[in-house]
Amino acid sequence: MTPTITAALDPDAPVIELTAARKTYLTGDIEFEALRGIDCQIYPGEYVAIVGPSGSGKSTLMNILGCLDVLTSGSYVLAGEDVSHMNEDALASARNRRIGFVFQQFHLLPSLTAVGNVELPLVYAGVAPGERRERALAALDRVGLADKARNHPGQLSGGQQQRVAIARALVTEPAIVLADEPTGNLDSRSTADVLGMLDDLHGEGATIVLITHEGDVAARAQTVYNVTDGQFVGEGMGIAK
Amino acid sequence: MRSLLTMLGIVVGIASVVLTVGLGLGTQKDVSDQIASLGSDLLIVSPGSSTDDSGMRGGFGSAETLTLSDADALASDVAVPDAVGVAAEKTADLSLEYGESNWTTTVTGTSTSWTDVRSRELMYGDFFTEDDESSAAHVIVLGSETATELFGSTAVVGQDVTIDGDTFEIVGVLAEAGSSGDTSLDDIAVVPMNTMVETLDDSGNSESVQTIYIKAASSDVLSAASQEAQTLLLNMHGISSVDDADFTIDVQDSLIDAATSVYEQLTILLTGIAALALLVGGIGVMNIMLVSVTERTREIGLRKALGAAPATIRNQFLIEAMILGLSGGAIGVIIGVGLALALPSVLGSTIVISGLALIVSVVVAVGIGAVFGVYPAARAAKLAPIDALRDQ
Ligand SMILES: Nc1ncnc2c1ncn2[C@@H]1O[C@H](COP(=O)(O)OP(=O)(O)O)[C@@H](O)[C@H]1O
Ligand SMILES: [Mg+2]
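(A) Spatial organisation of the overall build of chain B. A tally of helices and strands in chain B yields twelve helices and twelve strands. Within the span of chain B, comprising 392 residues, buried residues form 46% of the whole. The contacts in chain B between residues at least 6 apart in sequence include a share of 77% that link residues at least 24 apart. Element-wise, carbon and sulfur atoms account for 57% of the exposed surface of chain B, whose accessible area totals about 18500 Å².

(B) Molecular detail of the sheet that holds strand β6 (residues 99–102) of chain A. Residue and element names in this part refer to chain A. Across the sheet, which stays open at both edges, the six strands sit in the order β6-β7-β8-β3-β9-β10 with mixed pairing between neighbours. The open sheet terminates on both sides in strands that have one partner only, identified here as β6 and β10 (231–232). Relative to strand β9 (residues 223–228), strand β3 (residues 47–51) is paired through four bridges, and the arrangement is parallel. When the sheet's bridge partners are listed, A49 is paired in β9 with V224.

(C) Region of interest: a nonpolar patch on the surface. All names here are of chain B. A contiguous nonpolar patch, built from L4, I331, I335 and L339 and spanning about 300 Å² of accessible area, is present on the exposed surface. Here the nonpolar patch takes three residues from helix α10 (residues 310–347), the largest share from any one element. Among the secondary structure elements, I335 is positioned in helix α10.

(D) Local environment of the packing of aromatic side chains. For the structure shown, the criterion picks out five aromatic pairs over all chains. Geometrically, the ring pair formed by Y225 of chain A and F232 of chain A is stacked, given 4.7 Å between the ring centres and 5° between the ring planes. Here F232 of chain A falls in the buried class, since its relative accessible area comes to 9%. Through successive ring pairs, a cluster of aromatic residues spans W114, F127 and F128 of chain B.

(E) Fine view of the side chain of E181 of chain A. Residues and elements named next belong to chain A. Among the secondary structure elements, E181 is positioned in the loop between β7 (176–180) and α6 (188–203). Salt bridges are absent for the buried E181, whose nearest opposite-charge side chain, K58, sits at 4.8 Å. Looking at E181, its side chain comes within polar contact range of the side chain of H213, at 3.0 Å. Apart from the residues lying within four places of it in its own chain, the contact partners of E181 are K58, Q104, I211, T212 and H213.

(F) Fine view of helix α5 (residues 144–151) of chain B. Residue and element names in this part refer to chain B. When α5 is considered as a whole, its buried residues turn out to be S144, T146, A147, L150 and F151. One side of α5 holds all its buried residues, which, seen down the axis, span an arc of 160°. Contacts from the buried residues of α5 go to β2 (83–98), β3 (101–110), β4 (122–125), β5 (139–142), β6 (160–163) and β7 (166–174).

(G) The arrangement of the environment of I44 of chain B in detail. Residues and elements named next belong to chain B. Residue placement: I44 occurs in strand β1 (residues 42–47). Judged by relative accessible area, I44 falls into the buried class, the value being 17%. Spatially, the C-alpha atom of I44 lies 10.0 Å from that of A87, the residues being 43 residues apart in sequence.

(H) Molecular detail of empty space enclosed by the protein. All names here are of chain A. Per the stated rule, a full pass over the model turns up two cavities of 30 Å³ or more. In this structure, the largest cavity spans a volume of roughly 60 Å³. Mapped by element, the contributors of at least two residues to the lining of the largest cavity are α2 (88–98), β6 and α5 (158–170). Here the lining of the largest cavity takes three residues from β6, the largest share from any one element. Of the residues contributing to the lining of the largest cavity, the split by class is six nonpolar, three polar and two charged. Of the voids in this model, the second largest cavity is the one considered here, and its volume is about 40 Å³. Together, I64, C67, D69, V70, L71, Y76, V83, S84 and L91 line the second largest cavity. When the residues that make up the lining of the second largest cavity are grouped by side-chain class, the tally is seven nonpolar, one polar and one charged.

(I) Local environment of the nonpolar core. Core analysis: the largest hydrophobic core is formed by 70 residues, its most contacted members being L18, I50, L65 and Y76 of chain A. Formed by 40 residues, the second largest nonpolar core is a distinct cluster that contains Y47, V118, L198 and L201 of chain A.

What counts, and at which threshold
- Residues numbered from 1 in each chain as written.
- Chains lettered and ligands numbered in written order.
- Predicted model: local features only at pLDDT ≥ 70, side-chain atom pairs only at ≥ 80, totals over all residues.
- Heavy atoms only, no water.
- Helix = DSSP H or I, 4+ residues; strand = E, 2+ residues; numbered from the N terminus.
- Buried < 20%, exposed > 50% of the residue type's maximum accessible area, 1.4 Å probe, protein only.
- Contact = heavy atoms within 4.5 Å.
- Areas by Shrake-Rupley, 256 points an atom, 1.4 Å probe, with all protein chains shown as cover.
- Pairing = 2+ DSSP bridges.
- Patch = residues over 30% accessible without salt bridge, like charges linked within 9 Å, V, L, I, M, F, W, Y side chains within 5 Å.
- Salt bridge = Lys/Arg side-chain N within 4 Å of Asp/Glu carboxyl O.
- Phe/Tyr/Trp six-rings, centres within 6.5 Å; stacked < 30°, edge-to-face > 60°.
- Lys, Arg positive; Asp, Glu negative; His and termini not counted.
- Polar contact = N/O pair within 3.5 Å; in protein donor to acceptor, adjacent residues only side chain to side chain.
- Arc of directions from axis to C-beta.
- 1 Å grid on protein atoms, 1.4 Å probe; cavity = no way out; pocket = protein on both sides within 12 Å on 5 of 7 lines; lining within 4 Å.
- Points joined across faces, edges and corners; volume = space filled by probe spheres on them.
- Nonpolar A, V, L, I, M, F, W, Y, C, P; charged D, E, K, R; others polar.
- Core = buried A, V, L, I, M, F, W, Y, C linked by side-chain atoms within 4.5 Å.

Next up, the structure:
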């Protein structure tokens, strides 16, 4: 019944392979190095947390991993595909096929119903309407919101909205789920709810990269990377749980 | 609500396009009705050659080349099938007397077909009849101006006038027709051709006529009728070359030209107004779409993050701009048609609503939405997803 999230991926090859990754922002004449040479490999089924103080480069890393931005130098191979120098169209396609995003601000479209929001990535994947609806309802069922499919985001609690966003991230069966501070806008009960859901997904074999500044949130991951000033401290090694 | 305000430009623009085209077509119809009433389906055959520069035309001698038998021949359905009426005119300037007053006018001898050929109607009484024509009866039809000059009134049917000592009974008075050039069409007296020939004509050439009018079946066959008449007359006059023709066939071109140029100027003016309104409307669409792109930056960022390619985002905004154009166009058509129905009773001008014009208007509105949506849509498509997502 549950779709295999890492379908068609070699379980022994890394899903994510960053090599000497650098990102330099140019603001006017001022150059700012947000990522200063990061090497990192994430394997299928891993649950990784990236922690670090504010301004350390976590979101920059997340944007790179999510194909929302490209590296200044270095390389990024995602599910066997080198995305380091892809153009906008190819990046859009890579995001659509490989990545499921969960944002701090949920980013649901208020004009669409819950199921309409979950369907969106499938629209851009060119999936036929009937199959789209079916898969979106299945994803909502997975996050326990089948009964809220016709509700608009405004009629849902924060925790429910984030669960709709998780359903949207899962519906394309992506190579990785990227969650940037997914509990930052939630009360403690909803936080536990959403983190429990990520645990469940991990249990079902999903690859999850969770970005957070909260230690107890990071504690649920298998591997924790500490980012400071655009670098992994401790030579980029994961801290085994 | 705000998009309704934005659409106002397109609404006004399309409404004025509908009105412009309607007014243009209406004016065209008015003009052609007017031309028809003045006789744009009318050929005027005069004696003398148009290539003859000797100044003989209209005088004696060679200018008396049109005859009553020419007119009879032209009236034949076989020789000139595109003609529906022929009326020859034999005229003389004569003095009409009634009691103490007298008035000199052009007395015209013609046939009963004259009213139809010259597009004239009667105000009082009737035109003379075939019987009057064959018996050369002493009956006369007066123009309204002539009647007024002689009698001080136009209700003069049954009265008598005297010309050269002969008494004529007034059987009808013509309705007013205005003037053609500087000759009044209302200062005129009309008698049967035979009466003219037997009683009034003193030119010494009873056969000759001044003018033969030929009415064509429609303005479309005017030149065909002109050709047929020319061939027949050349034949009757034993002339082999058109260059040697001893007659001239004219069309009332000048009238058509004048009327058409008025119509063309009006069209240019109205088209300018419509184009300006549509330009304003288009800029309105561009403006609201730019505002919409700015307001929906986060939505655009999210859609891109979920895998929408730049072209997909561009098309989404293009379609929205076209829908704006379509809605504005549809409202504009409704308002335009409403005005087109209401205005004629106020302005007294004719407005023709054409289905084609309405369809073209809506297509134009959608096209304007598309054209002015291109820039905002390109802006949306170019937004970087991270900047778009970060936007608060
Ligand atoms: N688009 C940008 N242009 C210039 N500087 C940026 C941009 N995005 C982030 N930065 C800078 O890069 C650094 C890292 O930012 P970010 O990755 O958002 O950190 P974090 O998410 O860990 O708080 C910060 O100092 C920030 O000011
Ligand atoms: Mg951040």
